[in-house]
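# A structural walkthrough
Residues per chain, in single letters:
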Amino acid sequence: GLQTTINRLHPYYTYECRVAAYTTREGVLSRPVNITTNQDAPSAAPENIRGHASGSTSIYLYWSPPPLQHHNGIISRYYIYVTEVITSTETEHTTTGLQTTINRLHPYYTYECRVAAYTTREGVLSRPVNITTNQD
C-alpha cells in the first residue's frame, strides 16, 4: 500500500483526511477518515498565580489553566515547585485541581512558587510568585 507522512500538525487536533487518485485529472475522493494527533506538553504556563500564607507553616496557592489553545491535550495534573528563597531548597508537589495548600514549611520564610501544567509531559513553568509564611 501507499503511505505518506503529513508534518507540522497541531498537537491533539482531529483532522479529516481524504484521498483521491490523480492521473490526468483528480479521481473520486475516498470516504473521510478522522485522525487525532498525539497530545504534547502545554505550550503556555498556567496564569494568574496567586497565593497567601495560610499559617506559620503553610501557604495556599491558586491559579488559572493555560489558555485553551495552548493545552495541547488533556491537562491531567499540575506540578508546583516551591523554593525556599534563603536556602534555594526546592520541593515538588502535584495536584489535579487549580489550587493547593503546601504544608510543613518554616515560619516567616519566603518561598518562590511556580506552577506547570501536565498532559503527557510537563509544560511551561509560570512566572514565580513569592509568598512569606506567617510568624509563629
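Relevant structure appears above.
## Some words on the nonpolar core
- One finds Leu61, Trp63, Ile80, Ile102 and Cys113 to be the most contacted residues of the largest nonpolar core, which totals 15 residues.
- Secondary-structure elements contributing two or more residues to this core are strand S4 (59-64), strand S5 (77-84), strand S8 (110-118) and strand S9 (129-132).
- When residues of this core are assigned to their parent elements, the largest contribution, 4 residues, is made by S8.

## A short note on the environment of isoleucine 74
- Mapped onto the elements, isoleucine 74 comes out in the loop between S4 and S5.
- For the pair isoleucine 74 and proline 42, spaced 32 residues apart in sequence, the C-alpha to C-alpha distance is 9.1 Å.
- Ignoring sequence-local partners within four residues, the contact set of isoleucine 74 consists of Tyr12, Gln39, Tyr118 and Thr119.

## Digging into the pattern of salt bridges
- In this structure the tally under the stated criterion is 1 salt bridge.
- We note a salt bridge from arginine 121 to aspartate 40, for which the minimum N-O separation is 3.1 Å. Taken together, the residues span a long stretch of sequence, with arginine 121 in the loop between S8 and S9 and aspartate 40 in the loop between strand S2 (33-36) and strand S3 (47-53) at a distance of 81 residues.
- On the basis of relative accessibility, which here comes to 48%, the residue arginine 121 falls in the partly exposed class.

Criteria and thresholds
- Residues numbered from 1 in each chain as written.
- Predicted model: local features only at pLDDT ≥ 70, side-chain atom pairs only at ≥ 80, totals over all residues.
- Heavy atoms only, no water.
- Core = buried A, V, L, I, M, F, W, Y, C linked by side-chain atoms within 4.5 Å.
- Buried < 20%, exposed > 50% of the residue type's maximum accessible area, 1.4 Å probe, protein only.
- Helix = DSSP H or I, 4+ residues; strand = E, 2+ residues; numbered from the N terminus.
- Contact = heavy atoms within 4.5 Å.
- Salt bridge = Lys/Arg side-chain N within 4 Å of Asp/Glu carboxyl O.

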